[in-house]
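In case you want the letters, here they are:
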Amino acid sequence: EFDKLNVRLVAIGHEKRSAQDFQDLVWKESELYIDYQRTMFTAIGDRWLGYSALFRPSVALNLFRTYMKGHSIYGNLVGEGRLLGGLLIVGPGNTGVVYEYREDVFGDHADPQVVLDVAKRIANQG
């Protein structure tokens, strides 16, 4: 649906480890970049959780949901996993960031309907 809106989607990771698994399983045929300097992560607050956060029930539930969808959880257990991610939607031209979502716990993600609604709004601006 994003293609119909002429909205470009890219993923940005902070390490190459498991990036190919992510692209093969989740981000098929879309652009994936590695931000070794973690500039994007700084833009969303450079937030880290301690290892104790791995034992939160919400994290276990997120891992279970991922597994039940048929996705591998292996890639989520390798590498530096304490850095929280998020989502930035950048509008056309010099609009800048029009939507920001910050991951609260490991495995959390933005509401897909909200993301689609924002994409539709910015598509109608251009």
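As the structure is a prediction and not an experimental result, all values here were calculated from the model.

### Comments concerning the overall build of the chain
Now for step 1: Regarding its fold elements, the chain presents four helices and four strands.
Now for step 2: The order of α-helices and β-strands along the chain, N terminus first, is β-α-β-α-α-β-β-α.
Now for step 3: Considering the chain as a whole, with its 126 residues, one finds that 24% of them fall into the buried category.
Now for step 4: Taking the contacts inside the chain whose residues are at least 6 apart along the sequence as the reference set, 53% of them involve residues at least 24 apart.

### What about the environment of Gln 37?
Now for step 1: Turning to its location among the elements, Gln 37 is positioned in the loop between strand S2 (31-34) and helix H2 (39-43).
Now for step 2: Look at Gln 37 and you get exposed, because its relative accessible area is 65%.
Now for step 3: Each C-alpha atom of the pair Gln 37 and His 14 lies 7.6 Å from the other, and the pair is 23 residues apart in sequence.

### Here we look at the side chain of Glu 103
Now for step 1: Among the secondary structure elements, Glu 103 is positioned in the loop between strand S4 (97-102) and helix H4 (112-125).
Now for step 2: It is Arg 47 that comes nearest to the buried, bridge-free Glu 103 among opposite-charge side chains, at 6.3 Å.
Now for step 3: A polar contact of 2.6 Å, which involves the side chain of Glu 103, links it to the backbone nitrogen of Gly 85.
Now for step 4: Setting aside residues up to four positions removed in sequence, Glu 103 forms contacts with Arg 47, Leu 83, Leu 84, Gly 85, Gly 86 and Asp 108.

Cut-offs used in this document
- Residues numbered from 1 in each chain as written.
- Predicted model: local features only at pLDDT ≥ 70, side-chain atom pairs only at ≥ 80, totals over all residues.
- Heavy atoms only, no water.
- Helix = DSSP H or I, 4+ residues; strand = E, 2+ residues; numbered from the N terminus.
- Buried < 20%, exposed > 50% of the residue type's maximum accessible area, 1.4 Å probe, protein only.
- Contact = heavy atoms within 4.5 Å.
- Lys, Arg positive; Asp, Glu negative; His and termini not counted.
- Salt bridge = Lys/Arg side-chain N within 4 Å of Asp/Glu carboxyl O.
- Polar contact = N/O pair within 3.5 Å; in protein donor to acceptor, adjacent residues only side chain to side chain.

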